[in-house]
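Secondary and tertiary structure notes
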Amino acid sequence: MAKQFRIGDVVRIDGDVHAVLGSDVTWVVVRDGDDATLIDTGYPRDHDALLASLELLKVAPESVNAILITHAHNDHIGSAERLRAEYGIPVLMHPAEVPHARRDFLDQVSAGAVAANAWRPGVAAWGLRAVRNGGTAHVPVTEPQAFPAPGPLDLPGAPIPLHTPGHTAGHCAYLLPATGIVVAGDALSTGHPTSRVSGPQVLPAMFQKDLPSTLASLDVIAEADADILIPGHGPVHRGSPRAAVEAARERGAAF
Ligand SMILES: [Zn+2]
Ligand SMILES: [Zn+2]
C-alpha cells in the first residue's frame, strides 16, 4: 500500500531539496547552508505547518532569501504576505503574475464553477476543504516583485524560471539545474482530489484560465533537463519531465 502522507510531512527529494505536503498542495524548500529558497507557501491555513517545516529543516524564516511563487492562487500564496511582512522576505514571480498576486484581479476557479461541477466525484468534498483552508480568503501580496532579470536567479538552488502560462497568465515552473528537479506548480500535476486518475495530467478545465495555453506550455516542461518533477498537486514524479508530459497529453484534462 502507498504510504499515506500527513499534512506537514517533509519528503527529502535530493540533497537539500525538500517537498512538504500541505493541505492538498505541496511547497518546496531548497537549502544552501543556512540560506534557503521557498517555492510556494500552501493555503493560508497551512501557515503553522509551513513554519513547522522550516523549523524541522533548521531554516530560520529570516534566513529565507526569497519566496518564489509559481502562480498567485490561494493554495500557493497563502502565507506569502505574512512571511513578507513579518520577516521581510521578498516575494518573486513572473511579471505577468505580479498584478494577480496584488489582487488587481483574481483568476481563480469561481465558487459557481465548483458548484456546477459538485456532482462529479471528489469535487464537493475538495471544495469544502478548500474553503476551510482559506481558498476563498483575500490574501493579496502587497509588494510582489518581478524577477530582477531573465535567466537563473541568484538564490539557493539557482532556480531558473520557466514561464508556463495557461493555468494563469504568469505561471512559472522552476528548474533547479544542479539537482535536475523541476518544480512544476500547477502547469502539470500527478493527481488532484477532483480527478479520478493518478499519474501525470493537467488539472481539470475548471481550474484553467486558458487550457490550450496550458497544453502548449507542456513543451517547456518537456524540454527541461531534469529527472524529477515536483508538482503542486499529487506525488513526486521520478522520471523525465518529457515522459510526464507525454502521459499528461495522452490523458488530457479530466473534465
Ligand atoms: Zn493553481
Ligand atoms: Zn494549486
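A brief report on the enclosed structure follows. Here the structure is a predicted model, which means the values were calculated and not measured.

Turning to the coordination of the zinc ion (ligand 1), a few remarks are in order. All of the protein donors around the zinc ion (ligand 1) are His71 (NE2), His73 (ND1), His167 (NE2) and Asp186 (OD); their distances to the metal are 2.1 to 2.3 Å. Geometry at the zinc ion (ligand 1) is irregular, judged from the 4 donor atoms that bind it and their angles of 90 to 175 degrees at the metal. The sequence pattern formed by the donor residues of the zinc ion (ligand 1) is H-x1-H-x93-H-x18-D. A separation of 3.3 Å is found between the zinc ion (ligand 1) and the zinc ion (ligand 2), both of which receive a donor from Asp186. With His167 in the loop between strand 8 (160–163) and strand 9 (172–176) and Asp186 in the loop between strand 10 (181–185) and helix 7 (211–222), this pair connects stretches of sequence that are 19 residues apart.

Moving on, we come to the coordination of the zinc ion (ligand 2). Where a metal carries four tetrahedral donors, each ideal angle is 109.5 degrees; where it carries six octahedral donors, the ideal angles are 90 or 180 degrees. Coordination of the zinc ion (ligand 2) by the protein is provided by Asp75 (OD), His76 (NE2), Asp186 (OD) and His233 (NE2), with metal-donor distances spanning 2.0 to 2.3 Å. If you look at the zinc ion (ligand 2), its 4 donor atoms make angles of 91 to 157 degrees with each other, and the shape they trace is irregular. For Asp75, a relative accessible area of 10% corresponds to the buried category.

What follows concerns the nonpolar core. Inside soluble globular proteins, nonpolar side chains tend to come together where they are buried. By size, the foremost hydrophobic cluster in this structure holds 24 residues, and its most contacted members are Val29 and Leu38. Breaking this core down by element, the ones donating at least two residues are strand 3 (26–32), strand 4 (35–39), helix 1 (47–56), strand 5 (64–68), helix 3 (80–87), strand 6 (91–93) and helix 4 (98–101). Take this core: its biggest share by element is 3 residues, from helix 1. When neighbours within four sequence positions are excluded, Val29 is seen to be in contact with Asp16, Val17, His18, Val20, Ala36, Thr37, Leu38, Leu54, Leu57 and Val59.

All told, the structure shown has 8 salt bridges when counted by the stated rule. With a shortest N-O distance of 3.7 Å, Arg84 and Glu143 are connected by a salt bridge. Of the two residues, Arg84 sits in helix 3 while Glu143 sits in the loop between helix 6 (123–132) and strand 7 (145–146), which places them 59 residues apart along the sequence. Between Asp104 and Arg102 there is a salt bridge; the shortest N-O distance is 2.8 Å. A single salt-bridge network, built from bridges that share partners, covers Glu81, Arg84 and Glu143.

With that out of the way, let us pick up the pairing of strand 11 (residues 228–231). Here strand 11 shows a buried face lined by Ile228 and Ile230 and a second buried face lined by Leu229 and Pro231. Of the strand pairs in this sheet, strand 10 and strand 11 are connected by 4 bridges, and their pairing is parallel. The residue of strand 11 that forms the bridge with Val182 is Leu229. Of the crossover connections in this fold, the one passing from strand 10 over helix 7 to the parallel strand 11 is right-handed. As paired strands, strand 11 and strand 12 (residues 237–238) are joined by 2 bridges and run antiparallel to one another.

The next thing to look at is the sheet that holds strand 3. The strand order across the open sheet formed by 7 strands is 1-2-3-4-5-6-7, and the pairing between neighbours is mixed. The open sheet is flanked by strand 1 (10–14) and strand 7, the only strands paired with a single partner. Judged from the 4 bridges that link them, strand 1 and strand 2 (residues 17–21) form a sheet pairing that is antiparallel. When the sheet's bridge partners are listed, Asp14 is paired in strand 2 with Val17.

Summed over the entire model, instances satisfying the criterion amount to 2 aromatic pairs. When the centroid spacing of 5.1 Å and the interplanar angle of 85 degrees are considered together, the rings of Trp126 and Phe207 count as edge-to-face. One end of the pair, Trp126, is in helix 6; the other, Phe207, is in the loop between strand 10 and helix 7, with 81 residues separating them in the sequence. Overall, the relative accessible area of 10% leaves Phe207 in the buried class. Aromatic side chains Phe147 and Tyr174 sit 6.1 Å apart centroid to centroid with 90 degrees between the ring planes, which places their arrangement in the edge-to-face category.

One non-glycine residue, Asp24, adopts positive backbone phi at about 60 degrees. Residue position: Asp24 is located in the loop between strand 2 and strand 3. Phi at Arg103 takes a positive value of approximately 65 degrees, unusual for a residue other than glycine. Checked against the element boundaries, Arg103 lands in the loop between helix 4 and helix 5 (111–116).

Before going further, it helps to spend a moment on helix 1. All of the buried residues in helix 1 are His47, Ala49, Leu50, Ser53 and Leu54. The arc that holds the buried residues of helix 1, viewed along the axis, is 165 degrees, so those residues lie on one side. Facing away from the buried side of helix 1, by more than 90 degrees, are the exposed residues Asp48, Glu55 and Leu56. The inward-facing, buried residues of helix 1 contact strand 1, strand 2, strand 3, strand 4, strand 5 and helix 3. Directly after helix 1, the chain includes Lys58, whose backbone phi takes a positive value near 60 degrees.

Cut-offs used in this document
Residues numbered from 1 in each chain as written. Chains lettered and ligands numbered in written order. Predicted model: local features only at pLDDT ≥ 70, side-chain atom pairs only at ≥ 80, totals over all residues. Heavy atoms only, no water. Donors = N, O, S within 2.8 Å, 3.2 Å for Na, K, Ca; no water. Tetrahedral: all angles 85-135°; square planar, octahedral: opposite > 155°, others 65-115°. Helix = DSSP H or I, 4+ residues; strand = E, 2+ residues; numbered from the N terminus. Buried < 20%, exposed > 50% of the residue type's maximum accessible area, 1.4 Å probe, protein only. Core = buried A, V, L, I, M, F, W, Y, C linked by side-chain atoms within 4.5 Å. Contact = heavy atoms within 4.5 Å. Salt bridge = Lys/Arg side-chain N within 4 Å of Asp/Glu carboxyl O. Pairing = 2+ DSSP bridges. Right-handed = clockwise from strand over helix to strand, strands pointing away. Phe/Tyr/Trp six-rings, centres within 6.5 Å; stacked < 30°, edge-to-face > 60°. Arc of directions from axis to C-beta.

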